[in-house]
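# Overview (structure and organization)
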There are 4 protein chains.
Amino acid sequence: MQPTARRGRPRKQEADARILDAALELLLDCGYDRFSVDEVAAKAQVAKTTLYRRWPTKDHLIVAVVARIQDEVPVEYSGDVRADLTRYLNEIVNGLNRMRQVGRATASGDASAGLVAEVAAAAARHADVGAAVQAMFARRNALVLTLLEQAREHGELRSDVEPGVLFDQLAGALYYRLLVTGRPIDAAYVDRLVTGALTGASA
Amino acid sequence: MQPTARRGRPRKQEADARILDAALELLLDCGYDRFSVDEVAAKAQVAKTTLYRRWPTKDHLIVAVVARIQDEVPVEYSGDVRADLTRYLNEIVNGLNRMRQVGRATASGDASAGLVAEVAAAAARHADVGAAVQAMFARRNALVLTLLEQAREHGELRSDVEPGVLFDQLAGALYYRLLVTGRPIDAAYVDRLVTGALTGASA
Amino acid sequence: MQPTARRGRPRKQEADARILDAALELLLDCGYDRFSVDEVAAKAQVAKTTLYRRWPTKDHLIVAVVARIQDEVPVEYSGDVRADLTRYLNEIVNGLNRMRQVGRATASGDASAGLVAEVAAAAARHADVGAAVQAMFARRNALVLTLLEQAREHGELRSDVEPGVLFDQLAGALYYRLLVTGRPIDAAYVDRLVTGALTGASA
Amino acid sequence: MQPTARRGRPRKQEADARILDAALELLLDCGYDRFSVDEVAAKAQVAKTTLYRRWPTKDHLIVAVVARIQDEVPVEYSGDVRADLTRYLNEIVNGLNRMRQVGRATASGDASAGLVAEVAAAAARHADVGAAVQAMFARRNALVLTLLEQAREHGELRSDVEPGVLFDQLAGALYYRLLVTGRPIDAAYVDRLVTGALTGASA
DNA sequence: CGTTAACCGAGACGGTACGTCTGGTCTTTAA
DNA sequence: TTAAAGACCAGACGTACCGTCTCGGTTAACG
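Sequence order as written defines the numbering, with residues in each chain counted from 1. Chain A is the first chain written and ligand 1 is the first ligand written, with later ones labelled in order. Given that this is a predicted model, residues contribute local features only at a pLDDT of at least 70 and side-chain atom pairs are listed and counted only at 80 or more, while totals for whole chains, interfaces and linings are drawn from all residues. Note that water and hydrogens are dropped before the side-chain values are worked out from all heavy atoms of the structure.

### A word on the UniProt feature "DNA-binding region" (unreviewed entry) in chain A
So the rule is basically this: UniProt positions are given in the numbering used here, feature names are shortened, and annotations may be inferred rather than shown by experiment. Labels follow the DSSP assignment, with helices taken as runs of H or I lasting at least four residues and strands as runs of E lasting at least two, numbered in each case from the N terminus.
The positions UniProt marks with the feature "DNA-binding region" (unreviewed entry) are residues 36–55 of chain A. Its end C-alpha atoms 14 Å apart, residues 36–55 of chain A is made of 75% helix and 0% strand.

### Describing the packing of helix 9 (residues 187–199) of chain A against helix 8 (residues 163–181) of chain B
As a reminder, the rule being used: Fitted lines through C-alpha atoms serve as axes, helices being fitted only where they are in contact, and the angles separating the N-to-C directions of these axes extend from 0 to 180 degrees. Each angle gets one of four labels, with under 35 degrees taken as roughly parallel, over 145 as roughly antiparallel, 65 to 115 as roughly perpendicular, and the rest as oblique. By the convention used here, residues are in contact when the closest approach between their heavy atoms is within 4.5 Å. Put simply, Ala, Val, Leu, Ile, Met, Phe, Trp, Tyr, Cys and Pro go in the nonpolar bin, Asp, Glu, Lys and Arg in the charged bin, and everything else, Gly too, in the polar bin.
As a packed pair, helix 9 of chain A and helix 8 of chain B sit with axes 10 Å apart at the nearest point and diverge in direction by 75 degrees. Viewed along their axes, helix 9 of chain A and helix 8 of chain B adopt a mutual orientation that is roughly perpendicular. Contacts between helix 9 of chain A and helix 8 of chain B involve A:Tyr189, A:Arg192, A:Leu193, A:Gly196 and A:Ala197 on the former and, on the latter, B:Val165, B:Asp168 and B:Gln169. Taken together, the residues of the contact of helix 9 of chain A with helix 8 of chain B break down into four nonpolar, two polar and two charged.

### Some points on the UniProt feature "domain: HTH tetR-type" (unreviewed entry) in chain A
Using the residue numbers shown here, the UniProt feature "domain: HTH tetR-type" (unreviewed entry) corresponds to residues 13–73 of chain A. Taken end to end, residues 13–73 of chain A comprises 74% helix and 0% strand; its first and last C-alpha atoms sit 27 Å apart.

### Here we look at the protein's contact with DNA strand F
Applied cut-off: Throughout, near means a residue has at least one heavy atom within 4 Å of the molecule or strand. For the purposes of these results, a polar contact is taken to be a pair of N or O atoms within 3.5 Å, where, inside protein, one atom must be able to donate a hydrogen and its partner to accept one; residues adjacent in sequence count only when each atom of the pair is a side-chain atom.
Taken together, 42 residues lie around DNA strand F, and A:Gly8, A:Thr50, A:Arg53, C:Arg53 and D:Val37 are the ones closest in. Close to the protein, within 4 Å, the atoms of DNA strand F are drawn from sugar and phosphate at a rate of 61%. One of the backbone N or O atoms of A:Arg9 is found 3.2 Å from a sugar or linking oxygen in DNA strand F. In this structure, a phosphate oxygen belonging to DNA strand F sits 2.9 Å away from a side-chain N or O atom of D:Tyr52. Secondary-structure elements contributing two or more residues to the surface near DNA strand F are helix 3 (48–54) of chain A, helix 2 (37–44) and helix 3 (48–54) of chain B, helix 3 (48–54) of chain C together with helix 2 (37–44) and helix 3 (48–54) of chain D. For the surface near DNA strand F, the class distribution of residues is eight nonpolar, eleven polar and 23 charged.

### Some points on the pattern of salt bridges
Applicable threshold: A carboxyl oxygen of Asp or Glu within 4 Å of a side-chain nitrogen of Lys or Arg is what we treat as a salt bridge. Exposure is judged per residue with a 1.4 Å probe applied to protein chains only, and the accessible area is read against the type maximum: over 50% gives exposed, under 20% gives buried, and values in between give partly exposed.
Overall, the coordinates contain 48 salt bridges over all chains when judged by the stated rule. For B:Asp38, the salt bridge goes to B:Lys48, with nearest N and O atoms at 3.4 Å. Here B:Lys48 lies in helix 3 and B:Asp38 lies in helix 2, a separation of ten residues in the sequence. On the accessibility criterion, B:Asp38 (48% relative accessible area) is partly exposed. Two residues, C:Glu14 and C:Arg18, come together in a salt bridge whose shortest N-O distance is 2.6 Å. Of this pair, C:Glu14 and C:Arg18 both sit in helix 1 (residues 13–30), separated by four residues, roughly a single helical turn.

### Structural notes on helix 9 (residues 187–199) of chain D
To keep things clear, this is the line we draw: By this rule the span expected of a helix is its residue count minus one, scaled by 1.5 Å. As used here, the arc belongs to the directions running from the helix axis to the C-beta atoms.
Compared with an ideal rise of 1.5 Å per residue, which puts 13 residues at 18 Å, helix 9 of chain D spans 18 Å between its outermost C-alpha atoms and is within 8% of the ideal. Turning to helix 9 of chain D, its buried residues number three or more, namely D:Tyr189, D:Val190, D:Leu193, D:Val194, D:Ala197 and D:Leu198. Projected down its long axis, helix 9 of chain D carries its buried residues within an arc of 155 degrees, all on one side. Contacts from the buried residues of helix 9 of chain D go to helix 8 (163–181) of chain C together with helix 5 (81–100) and helix 8 (163–181) of chain D. Backbone geometry just after helix 9 of chain D places D:Gly200 at a positive phi near 90 degrees.

### Here we look at the relation of the copies chain C and chain D
What counts, and what does not: The least-squares superposition of copies is restricted to C-alpha atoms, and to residues with a pLDDT of at least 70 in both copies.
Rotating chain C by 179 degrees about the axis while translating it 0.1 Å along that axis superimposes it on chain D, leaving an RMSD of 0.4 Å. Given the turn and translation reported, the copies of this chain are related as if by a two-fold rotation axis. Comparing contact sets, 96% of the residues at the interface of chain C also lie at the interface in chain D, consistent with an isologous, same-surface contact.

### A few points about the interface of chain A and chain B
Test applied: Simply put, the buried area is the total loss of 1.4 Å probe accessible area from both parts when two parts are fitted together.
Facing the 48 residues of chain A at the interface are 49 residues of chain B. Both faces considered, chain A and chain B share a buried interface measuring about 4000 Å² in area, 57% of it formed by carbon and sulfur atoms. Looking at the side of chain A facing chain B, the largest losses of area belong to A:Gln169, A:Tyr176 and A:Ala201, adding up to 16% of the total buried there. The shortest N-O distance in the salt bridge between A:Glu118 and B:Arg125 comes to 2.7 Å. Between the two partners, chain A and chain B, sit 21 residue pairs in polar contact (both at pLDDT 80 or more). Elements represented by at least two residues in the side of chain A that touches chain B include exactly helix 6 (114–125), helix 7 (127–153), helix 8 (163–181) and helix 9 of chain A. Residue contributions to the side of chain A that touches chain B peak at 14 residues, all from helix 8 of chain A. Across the side of chain A that touches chain B, the residue classes tally to 25 nonpolar, 13 polar and ten charged.

Structure (structure tokens):
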């Protein structure tokens, strides 16, 4: 069962890669707002139509670029949730801190949410971009949610813990710091966070 | 000691209000990107110079607008942290859900982060806007942090709880949902969140 | 002696007609500049290649369309040049006035040269289109030039009259009005024109 | 009585000239279709907005350029209409022949209507451009129409001659040759034309 | 009371990205 | 070879917006 017998000239696969490569490079150099679609097309040696046929908007393109550099964080339940979570969150923190610097000529210490905020904004502007972003995060966090599930079954976590909510608390705190309060995020903070979430606040 | 003896024609106070009013209205109608400074000036019957003298950037203006509609959430320790927290978070949730609709013609249910993401992005773009946003949130949350402090002294919370971290977990989860996963936020979710954070996940 | 032994799949004759029909319709609806080759192909249910194989340029296509709707104006010397000329010129005027409306949604009276000017421009751009246009006009006016010749031989016109020059004066005036001054052209004007040309201006 | 008390920053007069200069140069080099508004703006060192504020369309701009290089042809009644007309028409012919070459890299002899046709087409596309073109020609030919009037009063022309119609015959023939038949136009042709129009064709 | 510094309104300006459109060519598969 | 479909290149177009600047004119407070 052929899905659809393709008609007409097929898309040049090579173009996709060339565009995304060029876009990534430009994004790292210039950040979101000095990033120009024309320039991407030029750098990728591709006509603008070819680009716009694939990503109908600057926002779409940028999200595609970001999705592409999202590295899988391998994570497997080791029998010690605390250690697993800490390791995983630190990976995320590293990624976020890298993104903070995007487009800043000087690696200045002026805590900035850089790309992440722009991606969130793009997701807010276009429904389809939003869906893509959500899918990206869902895929990324699927493993860690499974892990939490396993830890619960294994008896390390209370049986009434909801993995989704627990993870929201942890990841949320990181993004909150990044996007809203702008305070620094480091390994020590991750530790305190995990401790707090596992221990609970009530006396 | 007068800060600076003003010379020349004083600014027209009325203009500030007219501009912010117009800006708010436009923001609610159009959302961030179809919001144009020219249009604000026109609607406020004010010259663009008058506007730019006060807010040097579209981003500055928008943050000023948002700061203005941030209502103080009065909160006082009642002896029951759980209830106090729940109430406070629900207030925030209401505010966020209102913002979600900004710029959407139809009040469609397509979960959008609307303004919040744009403000975060603006904060990421300009250092001073970032500072203003952080100050806004700091001011807003000062009361609840004090409240957590009191609850700890009162023995309702463990003595090693860090109010800042605890609050990050709670507020963070909300913003994470809003900005990243796009999933709905309601009172039931707030309940589960507070329960989780107070109880802790460890068996 | 076959000119060239055809090999491969023969051209679909039907396509020519379908394309010209579609092109004509589109031309009447939209005028020259909103006329797009892609749209013609779509409307004719024909691939763009099929179209370009026949007419290598938008201009070529349009001239082909115009040539097709040029109706032969039968004319024969009746012994009364003035009457013959008047009738012939009125036919031309009718055609021109029809063309004036091309591409105007409302049949407004805003005298426009419509298609004619575009065809002239096309002729100016491509040498071969120019040749085609000239041939079209030559073919069209051959009869009336012969007629003038006959009238001269018959003694109705001075023996030193050059039919070509005389006809230039008459047809030229019409096109000049159409393309340059934009003033209206009607039967009364044709009358005055013929009178002037036959009578002469000198006292 | 001030026509209008000017408000706001006045337009930079210098810009108009710089744009028209650049546009003219480009037009002479490239002809109509390789003429690009972007390039004009760049060459004139002017923002595209500045240009579009003055001429809302490529066509408008080009007509403005052409209008600017329309030199006044001084003409005064000398008592000899034939001579006056001949001189005037030859001036026009020179101008037309110059325009024929516009945009042709090589001064090839391939008779082309060049710019004139494009201007006529532009006039046909936009009502306001059409009006401008007609005004341009009206202004240009006002003198010669007056001259014909004087010649008639002076008894050189028949009293029932309509100057407008007579001039249509003459100028029209030139434009007809240029735009339609593409045949060459020279002094000899002008002579035959004037002779024909003054003498009349009837035996 | 005049000077002066800073304001206000209107609107042009520079700069630049955006996304669209079109013309004309090329690459597939199928007939 | 032609056809159909549609991707491709190239590049112009006109729009939108931001933030600055230039006018003419106004409004306080200072001297």
